[in-house]
Amino acid sequence: MSNTPVNEDLFPADGRLQATIRRTTNGVPHITGDNLKSAAFGHGYAQAQDNVCLLAEAFVKARSERAKYFGPGPESIHVINDFSFKAQEIRSRAAEEFPGLSAESRALMEGFTEGYNKYVSETDAADYPAECRNQPWVFEISPIDLFAHYRILGQVASGALFATGAAFAAVPPGASADPVPVMTASAADSKLNLKRIVSDAQRLASEREDYTDTGLASNAWGVGADLTEQGRGALLANPHFPYTGHRRLYQMQMTVPGYLNVSGSGLLGTAIPLINFNENLAWSHTVSTGRRFTWYELELAPDDDLSYIKDGIKKPITEKTFQIEVNVGAPQPMLLERKFYFSEYGPMLAADLVNDAFPAWGDSGLVNRKPAAYTYRDANATTERLLDSWLQMSRASTLEEFQDVFRNCGTTFWTNSTYADDQGNAYYIDSSSVPNLSEGSISSLEFKRGVFPAFDKLFRAGITLLDGSTSTDDWVEGECGGLVPFDKKPQLVRTDWVQNSNDSHWSANPAEPLIGFSPLFGPERESLNPRTRLGITMLQNPLDSGPVSPGATAPAGQDGKFSADNLINVIYNNRSWYAEQFLTELRERCALIGTTPVNLAEGGSRTVDEGCAVLQGWDGVYNTDSVGAHVFRVFIGDYQNKLDTELTIEFNPSNPVATPSTPSSDNRGTADDAMLQSLAAGLDALDLGGIEYNVALGTVQYYQPSGLVPPGGTPRTKPEWRLPWHGGNGSVDGVFNAIGVVTSPVKEDTRLPRIAPDTIDDTAGLSDEPGEGWLMARGTSFHFGLEFTDRGPVAFGLTSYSQSSDADSPYFLDQSLRYSEKDYRQFWFSEEDIEANLVKQGEMTISN
């Protein structure tokens, strides 16, 4: 028996876990434990109460057991996922790394696991939500399973992108990618087409064109003492995440007296919240433009497709064999086996399927024009520091302590961090995991991009191609294990403001551009997205409500200084960058054309006067009662495709917010006016979608959850779940409060069915089912505005899709109704406020 004393901040001295869970307004849990493991125990239990089906499906995924429980899946996706995650060592590496984790990480994972297991073991399977009721795939887990789930979350912007076919289909010439049945009797009884699995993987590998797009977005502002009512810091946190699946954000407060007191929200399954505030500081995250992986072209050895030459030395491409189980409808699952191939960097890739610029394995390569094969290295292949980073951030009380997390090689994996504190500091850092290339490697990369347009095109699509024949292009290991260290990360401290809306670091505050960093952090001195331009405009002009909505409230109210209430209303003002740029001009052109038909690009003509009349009365924002917002949406959805040629003032990096701008005046107000032609095309789309022009946005744009069935079932919903939804598409509408349509037939990252639309092109997701409109399923999720005051932090916000995914829970739709009505609430933080706002039967104590 070990005589090492127990750290009682982390673990109970007697091994007994006990946590108190108190729920306040809208079911938000405030969890207290005498030690970190006990607090995590309560957290795991509370999350399971609210989201057990989503968590259970996540653990099945992390264990590579989707095919075992759900069958091969459409397009063999379960087989492909399961094998790919095994090849990426999702669970096996979790098992290897777990014993070496910090005591803090083990306390969090072990505690959360025990809390989840307590709920699962003491709840009758018939009482689970409909999606997993009486299902065999809801079971008790180990901390290794939870850690494996974290490894998948950590690789959202890297390895997960290759788990749908690119790794599965990678085999050398003459080798078969077909899985092999280990039990031939099962194979004989099965209708599983093994050849089809390979063709499905090959097709899926070719579907993704942009490896920089994870489908996630966010806005975050850190406001310093110069611009706040209290003369302290303030924060706007506005993640744009899925409303369904494993990346739902879950709000809670976690307290270990004398050790930790943090409030915020984390992805499902994370044992500590991730977007947080404590007594002294607050931060949010936005998806970074940084690169999470690099590709390597391997120069194959002569007459040997399973060896490569590096620095003149022959190295092997190794093989590993993996097995998975597949439910084929027989009494026993089929056991399939597949061989995968690896370089020193990681799994091999079927590069020719990912992008047709690449050769097949063994053909002449792009870099050295010799027989080649392709592989990748993942910056987030290890997730050992995932919980440590956020725990240390949560325990920090000053900017220096917060920065120390990243000085010590902490990482937020694929996000930036935007911060504010009670001393009035505003801070931005790209805190993500970015490969640390040498100056020579960066120079070579930039030279190739400048000389070879095809090479630059690959880079802009997210493929950073390096030369695997020389160690010159290897990552510089350094103090952070191959990742860029703290002193080379883009970061900025100010007392006015910093911001990020998913553009790169360089525009965190245009008054102090961040330039000269590794190109793997993202572009510099390039044009900004519309949310960034609108956000900076509001920060630079806090007393201006914009050119098309003069009656609206200014971003910082009447005094030009931001409060928590001002910041939540910045999100809810629903301003549109494109409306502020183009609506006045479009109205003038409408007046010029009148009832004269406009020529359509594909032939024919139509009038636009009815649409124009609606736009003349539109209030210029995307509120539920705004009449005309959807008409502008279908106009800009088409006109956006012309901006590169239509705008007459080019982008100027010295004036990044105002440029590019100004539509061409060619054919202005005539039948061949490009703006009016886009309006005509948009009105045709509304006609096709059966949508009237002169109606409020909330009648055609809505949130309506669906599901109620396990994988393979037919999803259902209820009419009363349909709620009017404010906001607009961030890239199409240019609305800061970004929301969006999702066309996936399953809840994101899961195999749980949902009702999903087929959509009309260039409309930001208008359903082609007449009268259905826009079904929103991602965007503004957990969000808040916060200010530090003499009394501590004060925050207002909501979780738009509500706390629970269980349709029978009182916390399933309650916050969604509040979001629909802009009825935000205060986030209770102090002990006095928590006790004063407990819901009925809102307190329980649990123990193991």
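Our structure's up above, just so we're on the same page.
One structure accompanies this document, and this report is about it. (Residues numbered from 1 in each chain as written. Predicted model: local features only at pLDDT ≥ 70, side-chain atom pairs only at ≥ 80, totals over all residues. Heavy atoms only, no water.)

1. Focus: the state of the cysteines
What counts here: Criterion for a disulfide: a pair of cysteine sulfur atoms within 2.5 Å. Only DSSP runs of H or I reaching four residues or more are called helices, and only runs of E reaching two or more are called strands; each is numbered from the N terminus. Classification of residues uses two cut-offs on accessible area relative to the type maximum, computed with a 1.4 Å probe and protein chains only: under 20% is buried, over 50% is exposed, and between them is partly exposed.
Evaluation of the coordinates by the stated rule reveals 3 disulfides. In this model, Cys409 is linked to Cys480 through a disulfide, with the two sulfur atoms separated by 2.0 Å. Between Cys409 and Cys480, the S-S dihedral sits near -75 degrees, and the bridge is therefore left-handed. One end of the pair, Cys409, is in the loop between α11 (399–407) and β17 (415–421); the other, Cys480, is in the loop between β19 (465–467) and β20 (491–494), and 71 residues separate them in sequence. A residue is classified by how much of its surface remains accessible, and Cys409, at 19% relative accessible area, is buried. With a sulfur-sulfur separation of 2.0 Å, Cys590 is cross-linked through a disulfide to Cys612. The sign of the -70 degrees torsion about the S-S bond sets the Cys590-Cys612 disulfide as left-handed. Highlighted residues: Cys590 in helix α16 (residues 577–593) and Cys612 in helix α17 (residues 609–617), separated in sequence by 22 residues. Pair check on accessibility: Cys590 and Cys612 agree, each one buried. Look at the protein chain and number its bonded cysteines as they come in the sequence; the links are 1-2, 3-4, 5-6.

2. Quick notes on the environment of Lys315
This is how the line gets drawn: Contacts are residue-level and defined by heavy atoms, with any inter-residue pair within 4.5 Å sufficient. We call two N or O atoms a polar contact when they sit within 3.5 Å, provided that within protein one can donate a hydrogen and the other can accept it, with sequence-adjacent residues counted only if both atoms are side-chain atoms.
Within the secondary structure, Lys315 is located in strand β12 (residues 313–316). Given a relative accessible area of 27%, Lys315 falls into the partly exposed group. In the structure, Lys315 is positioned 343 residues away from Ala658 in sequence and 53 Å away in space, judged by C-alpha atoms. If we skip the residues at most four places from it in the chain, Lys315 touches Leu306, Ser307, Tyr308, Lys310 and Glu344. Of note is the side chain of Lys315, whose polar atom sits 3.3 Å from the side chain of Glu344.

3. Concerning the packing of aromatic side chains
Put simply, the rule is: Note on ring pairs: Phe, Tyr and Trp rings are taken, using the six-membered ring of Trp, and paired if centres are within 6.5 Å. Classes follow the plane angle, with under 30 degrees stacked, over 60 edge-to-face and the rest tilted.
Applying the stated criterion across every chain yields a total of 48 aromatic pairs. Ring centres of Phe162 and Tyr376 lie 4.7 Å apart, and the angle between their planes is 45 degrees; this geometry places the pair in the tilted category. Note that Phe162 is positioned in the loop between α6 (143–154) and β3 (180–181) and Tyr376 in strand β16 (residues 372–378), a separation of 214 residues in sequence. Take Phe162 and Tyr376: they sit in the same class, and that class is buried. Note on Tyr243 and Tyr801: the rings are 5.6 Å apart at their centroids and 50 degrees apart in plane angle, and the pair reads as tilted. A residue pair is termed long-range when its members are at least 10 positions apart, and Tyr243 in the loop between β5 (234–242) and β6 (249–256) and Tyr801 in the loop between β31 (792–799) and α21 (814–820) qualify at 558 residues. Exposure class is identical for Tyr243 and Tyr801. Each is buried.

4. Some thoughts on the pattern of salt bridges
Where charged atoms from two side chains of opposite charge approach closely, those side chains can pair. Selection rule: The rule for a salt bridge is simple: a side-chain nitrogen of Lys or Arg has to be within 4 Å of a carboxyl oxygen of Asp or Glu.
Taken as a whole and assessed by the stated rule, the structure comprises 49 salt bridges. Between Asp178 and Lys195 there is a salt bridge, and its shortest N-O distance comes to 2.6 Å. With Asp178 in the loop between α6 and β3 and Lys195 in helix α8 (residues 194–205), the pair connects residues that are 17 residues apart, well separated along the chain. When its relative accessible area of 16% is taken as the criterion, Asp178 is described as buried. Between Asp733 and Arg633 there is a salt bridge; the shortest N-O distance is 3.0 Å. Within this pair, whereas Asp733 is found in the loop between β27 (723–724) and β28 (739–741), its partner Arg633 is found in helix α18 (residues 629–639), the two being separated by 100 residues in sequence.

5. A closer look at the packing of α16 against α18
What counts, and what does not: Lines fitted to C-alpha atoms define the axes, with helix axes restricted to the stretch in contact, and inter-axis angles between N-to-C directions lie between 0 and 180 degrees. Comment on the angle field: the value is read as roughly parallel under 35 degrees, roughly antiparallel over 145, roughly perpendicular from 65 to 115, and oblique elsewhere. Throughout this entry, Asp, Glu, Lys and Arg are counted as charged residues, while Ala, Val, Leu, Ile, Met, Phe, Trp, Tyr, Cys and Pro are counted as nonpolar. The remaining residues, Gly among them, count as polar.
Two elements in contact, α16 and α18, have axes separated by 12 Å at closest approach and are oriented at 100 degrees. As summarised for this structure, α16 and α18 are arranged roughly perpendicular, according to the angle between their axes. Along its contact with α16, which presents Tyr578, Ala579, Phe582, Leu583 and Leu586, the element α18 presents Phe632, Phe635, Ile636 and Tyr639. Here the contact of α16 with α18 is built from residues that sort into 9 nonpolar, no polar and no charged.

6. A word on unusual backbone geometry
Between Thr659 and Pro660 the backbone carries a cis peptide bond, its omega angle lying at 0 degrees. Looking at the element boundaries, Pro660 is found in the loop between β24 (647–649) and β25 (661–663). We note that Arg525 has phi near 55 degrees; this positive angle belongs to a residue other than glycine. In this structure, Ala764 is a non-glycine residue whose phi angle is positive, near 60 degrees.

7. Details of the side chain of Asp378
Going by this rule: For the purpose of charge, His is not counted, nor are the chain termini; Lys and Arg are scored as positive and Asp and Glu as negative.
Considering the arrangement of structural elements, one finds Asp378 in strand β16. Of the buried charged residues, Asp378 lacks a salt bridge, with Arg151 as the closest side chain of opposite charge at 7.5 Å. Separated by 2.9 Å, the side chains of Asp378 and Ser158 make a polar contact. Within polar-contact distance, the side chain of Asp378 engages the backbone nitrogen of Gly159 at 3.0 Å. Discounting chain neighbours no more than four positions away, the residues touching Asp378 are Gln155, Ser158, Gly159, Arg292, Phe293 and Trp475.

8. Looking at the pairing of strand β11 (residues 304–310)
Here is the rule: For two strands to be treated as a pair, DSSP must find no fewer than two bridges joining them.
Here strand β10 (residues 293–301) pairs with β11 via 3 bridges, running antiparallel. Residue pairing for β11: Leu300 is matched across the bridge by Tyr308. Counted between consecutive antiparallel strands, the loop separating β10 from β11 contains 2 residues, among which Asp303 sits at a positive phi close to 60 degrees. Pairing of β11 with β12, which is carried by 4 bridges, proceeds in the antiparallel orientation. Directly across from Ile309, in β12, lies its bridge partner Lys314. Connecting β11 to the antiparallel partner β12 that follows it, the hairpin turn spans 2 residues, and Asp311 within it adopts a positive phi of roughly 55 degrees.

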